[in-house]
Amino acid sequence: MNLLLKNRGALLILMFNLLLVFTGIGLVIPIMPKFMDTLGITGGIVGLLVAAFSLTQLLCSPLAGRLSDKFGRKKMIVIGMVVFAVSEALFGFAESSVLLFVSRLLGGISAAMIMPAVMAYAADITTKRERAKGMGLINAAITTGFVIGPGIGGYIAEFGIRVPFYAAGVAGLIAALINLFILPESTPAQEEGPAAAPAAVQEKRGLLSQLRYAYREPYFLSLIIVFVMSFGLANFETVFGLFVDYKFGYEPKDIAFIITFGSIAGAVVQLTIFSWILKTFGERNVIAACLLFAGLFIVLTLLVHKFWMVFAVTFIIFLAIDILRPAISTQMSMVAKDQQGYVAGLNSAFTSLGNIAGPIIAGFLFDVDINYPYALACLVLLLCFALTLSDRKRSLQGART
């Protein structure tokens, strides 16, 4: 029987978890300009808030990935959902930037627990043939969370800018209970003999050691691309709400509309033809094309002024991003073999490195000139595009020899 069909119920629960987590993350995007006014914080502080989330995600992701390999995916997911619920509720209660930082730090811990475990679980219940489809479905849940998160945040904020976070906290607790009582455990089969040795060595490495020796892995360039991509995209995503608020005077509902409908195409593609795209064009070509389109259209964001043009440009950017992320995850999972949790943890760690540096620089650049973060994002994404072309050329040369 097809493993993906056999484990459909588990896959749906995994998708629900990520849907909820990224809905909670997306809530803050249209509301953040109002938080800035209410609490008197600058763009630099906003960047630091985003970076705080990514910092704890970075520090905890490799450990969480190894723990999910050792103790099982389910335990990490349940604990992660509880921590997520606490972080969302705390953000709603916060009256100072200090509590906002505590909330984001806890949010990063929850993401570190949930993301590697979910990605590894999805790899456990799919064959290599089904892997692209499984990753596409998982990432569709992430995309959908980003789609409905800003929408919920923007429209429910009409009843109070804190209400969406209380709702996310309650939903997080419900999700933890669903995982605890319904989701079956899944752990990868352990190989016997010498083949298991490399994994055992990696299990003992700490975060710094893992990052230090990552260059030895066959997927190292993919990790570099993950970092550069995350850095560039974080520049775009961190200040988007602030950018259109300051430049065009958009309200939370306007920001929510652009992000919500601008991301729908990505979710549709991931749910329908993502697997076909990868099989037809290959991971490397898809990744390169998405990086190129994302970089070029971010530049166009600086040049357009009418609402419908902002909407159209943002639509293309989100479509490119939403194809790019699962394409990289699929590429890395193919070489992970019996170390899915470990590789997923490294993937999350390099993503966090980009998400730490990107928002901090974007936030402070925004305080200098609102156009600077997007100019930098374009340069970084095009640099990443050049890296993928270089890797592709090297692979072709290696194939000929």
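Note that the coordinates shown come from a computational prediction; the quantities given were computed from them, not determined experimentally.

Participant: Looking at this structure, I do not really get the overall build of the protein. What am I missing?
Facilitator: What the protein contains, in helices and strands, is 16 helices and zero strands. In the protein, which comprises 401 residues, the proportion classed as buried is 56%. In the protein, 87% of the contacts between residues at least 6 apart in sequence involve partners at least 24 apart.

Participant: Would you mind going over helix α12 (residues 274–281) with me for this structure?
Facilitator: Residue pairs spaced three or four apart in an α-helix point in one direction, given the helix's 3.6 residues per turn. Listing the buried residues of α12 in full gives Phe274, Ser275, Ile277 and Leu278. End-on, the buried residues of α12 take up no more than an arc of 160°, which puts them together on one face. Projecting away from the buried face of α12 at angles above 90 degrees are the exposed residues Trp276 and Lys279. Once α12 ends, the next one or two residues include Gly282, with phi positive near 85°.

Participant: Help me out: how do you make sense of the environment of Arg131 in this one?
Facilitator: Within the element layout of this structure, Arg131 appears in helix α6 (residues 128–156). By relative accessible area, Arg131 is classed as buried at 6%. Put simply, Arg131 and Ser275 are 144 residues apart on the chain and 8.8 Å apart in space, counted from C-alpha to C-alpha.

Participant: Please explain the packing of helix α2 (residues 8–39) against helix α5 (residues 97–124) as it appears in this structure.
Facilitator: The angle between the axes and the distance between the axes are what describe a pair of packed helices. With their axes 11 Å apart at the nearest point, α2 and α5 run at an angle of 155° to one another. One way to sum up the angle between α2 and α5 is to call them roughly antiparallel. Considering only the axes of α2 and α5, their crossing is left-handed. Residues Ala10, Leu14, Leu18, Val21, Phe22, Phe35 and Leu39 of α2 form the contact with α5, whose own contacting residues are Leu100, Ile114, Met115, Val118, Tyr121 and Ala122.

Participant: Help me out: how do you make sense of the packing of α2 against helix α3 (residues 43–71) in this one?
Facilitator: Running from N to C, α2 and α3 cross one another at 155°; their axes reach a closest spacing of 11 Å. Overall, the two elements α2 and α3 adopt an arrangement that is roughly antiparallel. α2 and α3 meet at a crossing whose hand is right-handed. Across the interface between the two elements, Ile25, Met32 and Met36 from α2 touch Gly43, Val46, Leu49 and Phe53 from α3. Here the residues of the contact of α2 with α3 are counted per class, giving six nonpolar, one polar and no charged.

Participant: Please clarify how the nonpolar core should be interpreted in this entry.
Facilitator: Side chains that are nonpolar tend, in soluble globular proteins, to be buried together. With 70 residues, the main nonpolar core has Phe240, Leu291 and Ile328 as its most contacted residues. Among the elements that take part in this core, helix α10 (residues 220–248) stands out by supplying 14 residues, more than any other. Leu291 has contacts with Ile225, Met229, Leu324, Leu381, Cys384, Phe385 and Thr388, leaving out every residue within four places of it along the chain. Membership of the second largest hydrophobic core comes to 37 residues, among which are Ala64, Ala117, Ala123 and Ala141.

Participant: Honestly, the packing of aromatic side chains in this entry has me stumped. Any pointers?
Facilitator: In this description, a pair of aromatic rings is defined by centroid distance and the angle of the planes. Within this structure, the stated rule accounts for 11 aromatic pairs. Relative to Tyr374, the ring of Phe243 lies with its centre 4.8 Å away and its plane at 35°, an arrangement referred to as tilted. Of the two residues, Phe243 is situated in helix α10 and Tyr374 in helix α16 (residues 372–400); the sequence distance between them amounts to 131 residues. The burial state of Phe243 is the same as that of Tyr374; both residues are buried. Relative to Phe315, the ring of Phe311 has its centre 6.3 Å away and its plane inclined at 40°; by these criteria the two rings are tilted. Pair noted here: Phe311 and Phe315 are both in helix α14 (residues 307–336), with a separation of four residues, about one helical turn. A relative accessible area of 26% means that Phe315 is categorised as partly exposed. Grouping aromatic residues by their ring pairs yields a cluster made of Phe243, Phe248, Tyr250, Phe307 and Tyr374.

Cut-offs used in this document
- Along every chain, residues carry numbers that run from 1 in the direction the sequence is written.
- For a predicted model such as this one, the threshold for reporting local features is a pLDDT of at least 70, and the threshold for listing and counting side-chain atom pairs is 80 or more; totals across whole chains, interfaces and linings nevertheless cover every residue.
- Only hydrogens and water are set aside when side-chain values are computed; all heavy atoms of the structure are taken into account.
- Going along the chain from the N terminus, every DSSP run of H or I of four or more residues is numbered as a helix, and every run of E of two or more is numbered as a strand.
- Classification of residues uses two cut-offs on accessible area relative to the type maximum, computed with a 1.4 Å probe and protein chains only: under 20% is buried, over 50% is exposed, and between them is partly exposed.
- We call two residues in contact whenever any of their non-hydrogen atoms come within 4.5 Å of each other.
- Directions are taken from the helix axis to each C-beta atom, and the arc is the one they span.
- Each axis is a line fitted through C-alpha atoms, and for a helix only the stretch in contact is used; angles between axes span 0 to 180 degrees, taken between their N-to-C directions.
- Every angle not falling under 35 degrees, over 145, or within 65 to 115 is termed oblique; those three ranges are roughly parallel, roughly antiparallel and roughly perpendicular.
- Helix crossings get a hand from a simple test, with the near helix turned counterclockwise from the far one by less than a right angle marking a left-handed crossing and a clockwise turn marking a right-handed one.
- Side-chain classes are defined by residue name, with Ala, Val, Leu, Ile, Met, Phe, Trp, Tyr, Cys and Pro counting as nonpolar, Asp, Glu, Lys and Arg as charged, and the others, Gly among them, as polar.
- Note on terminology: a nonpolar core comprises buried Ala, Val, Leu, Ile, Met, Phe, Trp, Tyr and Cys residues joined through side-chain atoms within 4.5 Å.
- Two aromatic rings, drawn from Phe, Tyr or Trp (for Trp, its six-membered ring), form a pair once their centres lie within 6.5 Å of each other, and the interplanar angle then sorts them: stacked below 30 degrees, edge-to-face above 60, tilted otherwise.

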